[in-house]
Amino acid sequence: MEREAIQKRSKLPVILFIIASIIFVIPSIIYLIQNKTIYRFYFVWTYLFRLPTTSGEKIINAIVFFALITILFLLYVLIIKKRNQIFKNKKQIFILIAIVSVLFAIVIPYTSTDVYSYIANGWSAAHYGENPYYVSTGEIVDSTGQNEPMFNKVANCWRYETVVYGPLWTAICTVLSWLSFGNIDIALLIFKLANLIVHLLNCALIYKITRKKLFVILYGLNPFILFEALSNVHNDIFIVLFILLAIYFTIRKKNLFIAVAFVALATAIKYLAILILPFIILYYVRKKDVKQRIGYCIICGIEYIAIIALFYIFYMRDLSVFAGLFMQQGKYNRSIFYVLYEYLGEGVAQKLQIVCLGVFTVFYAYVCIKLLLQKEMRFNKVIRKYNVILLIFTFILITNFNPWYIMWLYPTMFWLKSKSQTTILALSYSSEIANFASFALWSEEAWLGIPYLVVMLVGAGIIKLLNMKIEVRN
């Protein structure tokens, strides 16, 4: 009897986590039952089951959101700490991940409308035959004079902008949007199903690579990943997939050229993935002499460029196809650059941005050259150096930071020290609670990016001070 009681108590965090997830999804379920479509869904999360009209109601929404996110993260940490008591085998872990992932996938996107841009750009290519790198969805609407449901939920700031992502993502969006037959609800469902499948694949890959159940839990049950990847449907989860595949073929299958191909695929979605390429190559050829290492770098570089070019060739008319690579850096929000932009002018902000990029390039080259000449290498130490590069890029060089960018840190976090892993988890949580101000004020003003960034970093610092340790060994 006592053993049964202990087993029941050990399952309590899992039961509470599922209940909290169900509570989180209830507003979306009720909205869908009442309206039968997401077409008129307003860009606001509400637990009042109607649009908040007073400051008090907006604050109530913010408090409920804060409370639910906090409860989910606390239960998540509890599950991690009691994992050996809760789970008898990896099958139980994957079943729980699948259940919770489906629940989060039901949640209507409400802190980001990026998925509607994915749908619209894909539909402009699939249905209208337009090249989304040269023609925006707003231009299509203006030229046709039609009320196109697949375009109407695109955020105003992106309506007249061309695609900012790589050609592989545009191709994926085209196929997924084509499958929807012009129905916005079906389109959202298809994109969510795609992300759900990728999320589960990522969990399987993490286990195959690390062979640790802890790391599957660390990623698969993380409320931040579940919310940003499955509820808000961000494409960064595909980058996680391709980076994990690159690592898998590097350290498990010992196939460098397939690994490089997957890094190229990740870059063909978002350009930041190129940062890991030298680290993958140089680790793989660590036992060869410097001349052979250089030779491999040249061959892999040619392969990498060829794959990227192959995708771009379907869309390229001229060099303006690359304009999207720099479009995001022309926007200022949630970064120190916004303060400079606002008070010193765009010119000063741009000059400082160029200086920072130059310093970063020199530092990045120095790290890569040092690795090239290094005689002994361990994968975890190589990845830790890459992680420093990625942190600098994400939090200092990005002028328009978004919370889901933290997802970029996840494919390689499993080789970091426990303190660094805890930092990433703390940033994940604090990036979500920083939404508190946006919900309370019900505003998307650019200046809110500064208090957002402050709350996120301070929140992560407080968690670190509380010394939330997670044992990384099974």
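Predicted model, so just to flag it, every value in this text is computed and none were measured. (Residues numbered from 1 in each chain as written. Predicted model: local features only at pLDDT ≥ 70, side-chain atom pairs only at ≥ 80, totals over all residues. Heavy atoms only, no water.)

## With respect to the environment of W415
Applied cut-off: The helix count covers DSSP runs of H or I at least four residues long, the strand count covers runs of E at least two residues long, and both are numbered beginning at the N terminus. Residues are treated as being in contact if the distance between any of their heavy atoms lies within 4.5 Å.
Checked against the element boundaries, W415 lands in the loop between α19 (379–397) and α20 (418–433). Spatially, the C-alpha atom of W415 lies 44 Å from that of I33, the residues being 382 residues apart in sequence. Other than its neighbours up to four places away in sequence, W415 contacts I209, T210, I247, I251, F379, N380, I383 and R384.

## Some words on the packing of aromatic side chains
What describes a pair of aromatic rings is the distance from one ring centre to the other and the angle between the planes of the rings. For clarity, the threshold we go by: Stacked, tilted and edge-to-face are the three classes assigned to paired rings of Phe, Tyr and Trp, where Trp is represented by its six-membered ring and a pair needs centres within 6.5 Å; plane angles under 30 degrees give stacked, over 60 edge-to-face, the rest tilted. Only Lys NZ and Arg CZ are tested; either one counts as a charge over a ring when it is within 6 Å of the ring centre and within 35 degrees of the ring normal.
Under the counting rule described, the total for this entry stands at 39 aromatic pairs. With a centroid separation of 5.7 Å and an interplanar angle of 25 degrees, the aromatic rings of F249 and F262 are classed as stacked. Highlighted residues: F249 in helix α12 (residues 236–251) and F262 in helix α13 (residues 256–267), separated in sequence by 13 residues. A connected cluster of aromatic rings, assembled from ring pairs, spans Y271, F279, F360, Y364, Y386, F393, F395, F401, W404, Y405 and W408. Of note, K153 hangs over the ring of Y116, and the distance from its end group to the ring centre comes to 4.9 Å. In this structure, R286 is placed above the aromatic ring of Y283, and the distance from its NZ or CZ to the ring centre is 4.1 Å.

## Examining the pattern of salt bridges
Where side chains of opposite charge bring their charged atoms close, a pairing between them can arise. We apply this condition: One side-chain nitrogen of Lys or Arg within 4 Å of one carboxyl oxygen of Asp or Glu is enough to make a salt bridge. Exposure categories follow from relative accessible area, calculated using a 1.4 Å probe and restricted to protein chains: below 20% of the type maximum is buried, above 50% is exposed, and the middle band is partly exposed.
Summed over all chains, the structure comprises one salt bridge. One salt bridge in this structure joins K270 and D236, with 2.8 Å as the shortest N-O distance. Of this pair, K270 sits in the loop between α13 and α14 (277–284) while D236 sits in helix α12, and the two are 34 residues apart along the sequence. For K270, a relative accessible area of 11% gives the class buried.

## Structural notes on the packing of α13 against α14
Short version of the rule: Note on definitions: angles span 0 to 180 degrees between N-to-C directions of axes, and those axes are lines fitted to C-alpha atoms, for helices only across the stretch in contact. Any angle from 65 to 115 degrees is called roughly perpendicular, while one under 35 is roughly parallel, one over 145 is roughly antiparallel, and all others are oblique. Residues are grouped as follows: Ala, Val, Leu, Ile, Met, Phe, Trp, Tyr, Cys and Pro are nonpolar; Asp, Glu, Lys and Arg are charged; every other residue, Gly included, is polar.
Where α13 contacts α14, the axes come no closer than 10 Å and their chain directions differ by 175 degrees. Accordingly, the angle class assigned to the pair α13 and α14 is roughly antiparallel. Where α13 abuts α14, its residues L256, A259, V260 and V263 lie against L277, I280, I281 and Y284. Grouping the amino acids of the contact of α13 with α14 by side-chain chemistry returns eight nonpolar, no polar and no charged.

## Here we look at the environment of M407
Along the chain, the position of M407 falls in the loop between α19 and α20. Each C-alpha atom of the pair M407 and S428 lies 8.3 Å from the other, and the pair is 21 residues apart in sequence. When near neighbours in sequence (up to four residues on either side) are disregarded, M407 contacts F224, I225, E228, A229, D236, I237 and V240.

## Describing helix α17 (residues 336–344)
We count it as follows: This arc corresponds to the set of directions leading from the helix axis out to the C-beta atoms.
Within α17, burial applies to F337, Y338 and L340. Buried residues of α17, seen end-on, are gathered within an arc of 165 degrees and therefore sit on one face of the element. Exposed residues on α17 whose side chains face more than 90 degrees from its buried face are I336 and Y343. Note on α17: the residue one or two positions beyond its end, G345, has a positive phi of about 100 degrees.

## Structural notes on a nonpolar patch on the surface
Stated formally: Like charges within 9 Å and nonpolar side chains (Val, Leu, Ile, Met, Phe, Trp, Tyr) within 5 Å are joined into patches, using only residues over 30% in relative accessible area that form no salt bridge. Surface accessibility follows the Shrake-Rupley procedure with a 1.4 Å probe radius. Residue values consider only the protein chains on display as shielding.
Side chains of V290, I294, I298, I302, I369 and L373 sit close together on the surface and give an oily, nonpolar patch of about 540 Å² of accessible area. Within the residue set of the nonpolar patch, elements represented by two or more residues are α15 (290–312) and α18 (346–373). In terms of residues, the nonpolar patch owes the most to one element, α15, which gives four residues. Within the secondary structure, L373 sits in helix α18. With a relative accessible area of 53%, L373 lands in the exposed category.

## Some thoughts on the side chain of S428
Relative to the assigned elements, S428 resides in helix α20. If we skip the residues at most four places from it in the chain, S428 touches F73, F224, I406 and Y410.

## So, helix α8 (residues 167–179)
Filter applied, for reference: Every helix has an expected span of 1.5 Å times one less than the residues it contains.
Here α8 spans 19 Å end to end across 13 residues, near enough to the 18 Å set by a 1.5 Å rise per residue. By the burial criterion, the buried members of α8 are P167, L168, W169, T170, I172, C173, T174, L176 and S177. Next to the buried residues of α8 lie α5 (114–126), α9 (184–210), α12, α13 and α15. Immediately downstream of α8, the backbone of F181 shows phi near 55 degrees, a positive value.

## Topic: unusual backbone geometry
The phi angle at F181 is positive, at roughly 55 degrees, despite the residue not being glycine. Summarising the element assignment, F181 is placed in the loop between α8 and α9. Judged by its relative accessible area of 67%, F181 falls in the exposed class. Of note in the backbone geometry, R211 takes a positive phi value of approximately 60 degrees without being a glycine. Locating R211 in the fold gives a position in the loop between α9 and α10 (213–220).

## Structural notes on a positive patch on the surface
Selection criterion: Charge counting follows a simple rule: Lys and Arg are positive, Asp and Glu are negative, and His as well as the terminal groups are ignored. Working definition for charges: the position is that of NZ of Lys, CZ of Arg, CG of Asp or CD of Glu.
Positive charge collects at one region of the surface, where K90, K208, R211, R252, K253, K254 and K287 lie side by side. Mapped onto the elements, K287 comes out in the loop between α14 and α15.

## A word on the confidence of the model for the protein
The line we're drawing: One confidence number per residue, pLDDT, is output by the predictor and ranges from 0 to 100.
Summing up the model confidence of the protein, the mean pLDDT is 89 and the portion of residues at 70 or higher is 91%. Across residues 470–474, confidence stays below pLDDT 50; counting only partners more than four residues off in sequence or on other chains, it has 20 contacts.

## Digging into the packing of α14 against α18
For the pair α14 and α18, the least separation of the axes is 10 Å and the interaxial angle reads 10 degrees. Here α14 is positioned roughly parallel relative to α18, judged by the angle of their axes. Each of P278, F279 and L282 in α14 lies in contact with α18, whose residues at this interface are Y364, V367, C368, L371 and L372. A per-class count over the contact of α14 with α18 returns eight nonpolar, no polar and no charged.

## Side note on the state of the cysteines
Heads up, the rule is: Cysteine sulfur atoms that come within 2.5 Å of each other are treated as a disulfide pair.
Summed over all chains, the structure comprises zero disulfides. The thiol of C297 is unpaired, and the distance to the nearest cysteine sulfur, on C300, comes to 7.1 Å.

## Quick look at the side chain of N235
Following the sequence through the fold, N235 ends up in the loop between α11 (223–231) and α12. Taking relative accessible area as the criterion, N235 reaches 0% and is therefore assigned buried. Setting aside anything within four residues of it in sequence, one finds N235 in contact with Y118, Y165, W169, I269 and K270.

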